[in-house]
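# Examining the three-dimensional arrangement
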Amino acid sequence: MSKFILHNADLLIEESFSLSINNRSFLYADGFFESIKVINSSCFNLVQHFNRITETAEFFMMDINFSFSEFKLLLDKLIEKNEIVGGRIRMVFYRDSQGKYLPIENKISFVAEIEKSENGFTLNENGLKLGVFTDMRKDKSKFSNYKTTNAAISVLASIYAKENVWDDCLLINSENNIIESSNSNLFIVKGDTIITPTITDGCVDGTMREFVMKHIKIKEKSITKEDLLCADEVFLTNAIKGVKWVESFKEKKYQSHKFARLAFDKV
């Protein structure tokens, strides 16, 4: 069966679609992306995803030209056309304009693809092993809160994790605080307190992070390497994988994933 994608309002066969060499996301990383979980043929947490898309577009000074209801209808058609029950949608938004660094206009366009995956979330049986990536640092700026098409730090951190036989790497900011992993938001537990880095520390403003924080009391504060080594428990969250508990950070072993289970049960 042919796979269909969305290019703005048009459903197209994947093989028939191509982007211009002048696409601004390719030339200047003038774009951002969004990953959305599909459960029982419906988009999970879609309102939060749409809110982040509109906030990111506003930050990038791109003009959104669709409402939430129009957006949902398009994604529903993409899901139905590809006969997806459980899956993931990846969308790339870009400024659709001519020009060099200075664009001629600020019209937004997007491409959305979909693939089959697990129908729902599963808490991992084996805990994740984490390291830390220190070769590059994220700035403490609003720009770091968005999922831009310049994801070089995450790419290099993922390669570094694989080379060291870790499941993932934690990232640090310009003040050497630990802020997130290469693909997930970070939570640590000390006693009965769950802590996550503040948005102002430069982590991605994750939709699953937001979802968990609406259902469980979370404290926001800067996290250091020493905090990781003294923590009783660590877990990660992202939109596609849900909640994943951590077994170890470097030499530190965690003996519990009780609060990860609590967070998972809220999803």
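Structure's up top.
To keep things clear, this report deals only with the structure shown in the data block. (Residues numbered from 1 in each chain as written. Predicted model: local features only at pLDDT ≥ 70, side-chain atom pairs only at ≥ 80, totals over all residues. Heavy atoms only, no water.)

For the structure shown, the criterion picks out 18 aromatic pairs. Pairing Phe-50 with Phe-68 gives two aromatic rings, centres 5.5 Å apart and planes at 75 degrees, and the pair type is edge-to-face. Taken together, the positions of Phe-50 in helix α2 (residues 46–59) and Phe-68 in helix α3 (residues 68–81) put the pair 18 residues apart, joining distant regions of the chain. For Phe-68, a relative accessible area of 29% gives the class partly exposed. The ring of Phe-121 has Lys-37 sitting right over it, with the charged end atom 5.4 Å from the ring centre. When the ring centre of Phe-4 is taken as reference, the NZ or CZ atom of Lys-81 above it lies at 4.9 Å. (Phe/Tyr/Trp six-rings, centres within 6.5 Å; stacked < 30°, edge-to-face > 60°. Helix = DSSP H or I, 4+ residues; strand = E, 2+ residues; numbered from the N terminus. Buried < 20%, exposed > 50% of the residue type's maximum accessible area, 1.4 Å probe, protein only. Lys NZ or Arg CZ within 6 Å of the ring centre and 35° of its normal.)

A separate point is the nonpolar core. Looking at soluble globular proteins, one finds that nonpolar side chains tend to be buried together. By size, the foremost hydrophobic cluster in this structure holds 25 residues, and its most contacted members are Phe-71, Leu-75, Ile-89, Met-91 and Phe-93. Of all the elements in the fold, those that place two or more residues in this core are β3 (31–39), α2, α3, β5 (87–95) and β6 (108–116). Per-element tally for this core: the top contributor is α3, with 5 residues. Among residues more than four places away in sequence, those in contact with Ile-89 are Glu-34, Ser-35, Ile-36, Val-38, Cys-43, Leu-75, Leu-78, Ile-79, Ala-112, Glu-113 and Ile-114. (Core = buried A, V, L, I, M, F, W, Y, C linked by side-chain atoms within 4.5 Å. Contact = heavy atoms within 4.5 Å.)

Here we take up the pattern of salt bridges. Any two side chains of opposite charge can pair if their charged atoms end up close together. Under the criterion given, the structure shown has 13 salt bridges. Here Asp-76 makes a salt bridge to Lys-72, at a shortest N to O gap of 2.9 Å. With Asp-76 and Lys-72 both in helix α3 and 4 residues apart, the pair spans about one turn of that helix. Note on Asp-76: relative accessible area 24%, which makes it partly exposed. When its relative accessible area of 36% is taken as the criterion, Lys-72 is described as partly exposed. Of the charged contacts, one joins Lys-221 and Asp-227 as a salt bridge, the two residues approaching to 3.8 Å between their closest N and O atoms. Of the residues examined, Lys-221 reaches a relative accessible area of 29% and is grouped as partly exposed. Here Asp-227 falls in the partly exposed class, since its relative accessible area comes to 25%. (Salt bridge = Lys/Arg side-chain N within 4 Å of Asp/Glu carboxyl O.)

Attention now moves to the side chain of Asn-238. Within the secondary structure layout, Asn-238 lies in strand β13 (residues 233–238). Overall, Asn-238 belongs to the buried group, its relative accessible area being 13%. Polar side-chain contacts of Asn-238 include one of 3.2 Å to the side chain of Ser-184. The residues contacting Asn-238, other than those within four sequence positions of it, are Asn-183, Ser-184 and Met-208. (Polar contact = N/O pair within 3.5 Å; in protein donor to acceptor, adjacent residues only side chain to side chain.)

Turning to the environment of Ile-5, a few remarks are in order. The residue Ile-5 is located in strand β1 (residues 4–7) in this model. With relative accessibility at 4%, the residue Ile-5 sits in the buried group. In the structure, Ile-5 is positioned 108 residues away from Glu-113 in sequence and 4.9 Å away in space, judged by C-alpha atoms. Excluding its chain neighbours within four sequence positions, the residues that come into contact with Ile-5 are Asp-10, Leu-11, Leu-12, Glu-14, Phe-17, Leu-78, Val-111, Ala-112 and Glu-113.

Turning our attention to α2. Because the α-helix completes a turn every 3.6 residues, residues three or four places apart line up on one side. For α2, built from 14 residues, the straight-helix expectation of 20 Å at 1.5 Å per residue is met to within 8% by its first-to-last C-alpha distance of 20 Å. Those residues of α2 that fall on the buried side of the exposure criterion are Leu-46, Gln-48, His-49, Phe-50, Arg-52, Ile-53, Thr-56 and Ala-57. Phi turns positive one or two residues past the end of α2, at Met-61, with a value near 60 degrees. (Expected span 1.5 Å × (residues − 1).)

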